[in-house]
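Structural overview for review
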Amino acid sequence: MSPRSLRTLIARPSASVLVAQLGAEVVGSVIVLYRRTASVGRLYSLAVEPRARGLGVAVKLLGAAEEDAVSRRQSAVRLEVRADNAAAIALYDRAGYRISGRRTNYYQDGETALLFRKTLAPQKAAASVARAAAAAR
């Protein structure tokens, strides 16, 4: 993502941009987009620096995104992921996301996107994140 696009999203009230840090260094980010007329947030991007993978950063960012969605009174979170991204698919599956559909030729290279969705309940969001974090260890 370009710095300009990131600045635009940070300034947009309909977006949340959250980061993970190790010390003073940013090692990951998650972006969630919202619409005023919808009750489902869209997880737009989840990225972790390669050197920080395997440390639970993605699980924590996903949990933070869900907590943010709950705080905005969203009933669910949805996302798209490349069908060939086994690590991301496993992460979302462990965190309670379920496949809700697929879009063929979704990505520029023709790869299929799997559509995932998770229903959120305010009291259950923290528990599911804790379970996913424990499973990642």
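Position labels on residues start from 1 in each chain and follow its written sequence. Since the coordinates come from a predicted model, pLDDT governs what is reported: local features require at least 70, and pairs of side-chain atoms require 80 or more to be given and counted, while whole-chain, interface and lining totals use all residues. Processing note: side-chain calculations cover all non-hydrogen atoms of the structure and skip hydrogens and water entirely.

Glancing now at the sheet that holds strand β2 (residues 25–33). What the six strands build is an open sheet, ordered β1-β2-β3-β4-β6-β5; its pairing is mixed. This sheet does not close on itself; its edge strands, each paired only once, are β1 (15–22) and β5 (98–103). Between one strand axis and the next, the sheet turns by 25° as a mean value, whatever way the strands run. Strand pairing is assigned whenever DSSP identifies at least 2 bridges connecting the two strands. Going along the chain from the N terminus, every DSSP run of H or I of four or more residues is numbered as a helix, and every run of E of two or more is numbered as a strand. As judged from the seven bridges shared by strand β4 (residues 76–82) and strand β6 (residues 113–119), these two strands associate in the antiparallel manner. If you follow Leu79 over to β6, its bridge partner there is Phe116. Each of β1, β2 and β3 (40–48) is contacted by helix α1 (residues 3–11), which is oriented at about 115° to β1, the strand it contacts most. Note on contacts: a residue pair qualifies if any of its non-hydrogen atoms lie within 4.5 Å across the two residues. Fitting a line to C-alpha atoms yields each axis, with helices limited to the stretch in contact; the angle taken between N-to-C directions then spans 0 to 180 degrees. Against the sheet, helix α3 (residues 86–94) touches β3, β4, β5 and β6, its axis set at about 160° to β4.

Opposite charge on two side chains permits pairing when their charged atoms draw close. Whenever Lys or Arg places a side-chain nitrogen within 4 Å of a carboxyl oxygen from Asp or Glu, that contact is recorded as a salt bridge. In this structure the tally under the stated criterion is 10 salt bridges. As a salt-bridge pair, Arg51 and Glu25 come within 2.1 Å of each other at their nearest N and O atoms. Taken together, the positions of Arg51 in the loop between β3 and α2 (57–71) and Glu25 in strand β2 put the pair 26 residues apart, joining distant regions of the chain. Owing to a relative accessible area of 53%, Arg51 belongs among the exposed residues under this scheme. Only protein chains enter the accessibility calculation, which uses a 1.4 Å probe; a residue whose area is less than 20% of its type maximum is buried, one above 50% is exposed, and one in between is partly exposed. Judged by its relative accessible area of 37%, Glu25 falls in the partly exposed class. Of the charged contacts in the structure, one is a salt bridge between Arg82 and Asp109, with a shortest N-O distance of 2.8 Å. Highlighted residues: Arg82 in strand β4 and Asp109 in the loop between β5 and β6, separated in sequence by 27 residues. Look at Arg82 and you get partly exposed, because its relative accessible area is 24%. The class for Asp109 is exposed, based on a relative accessible area of 54%. Three or more residues joined by partner-sharing salt bridges are found here, namely Arg82, Asp84, Asp109 and Glu111.

Nothing here speaks to function; it is all geometry.
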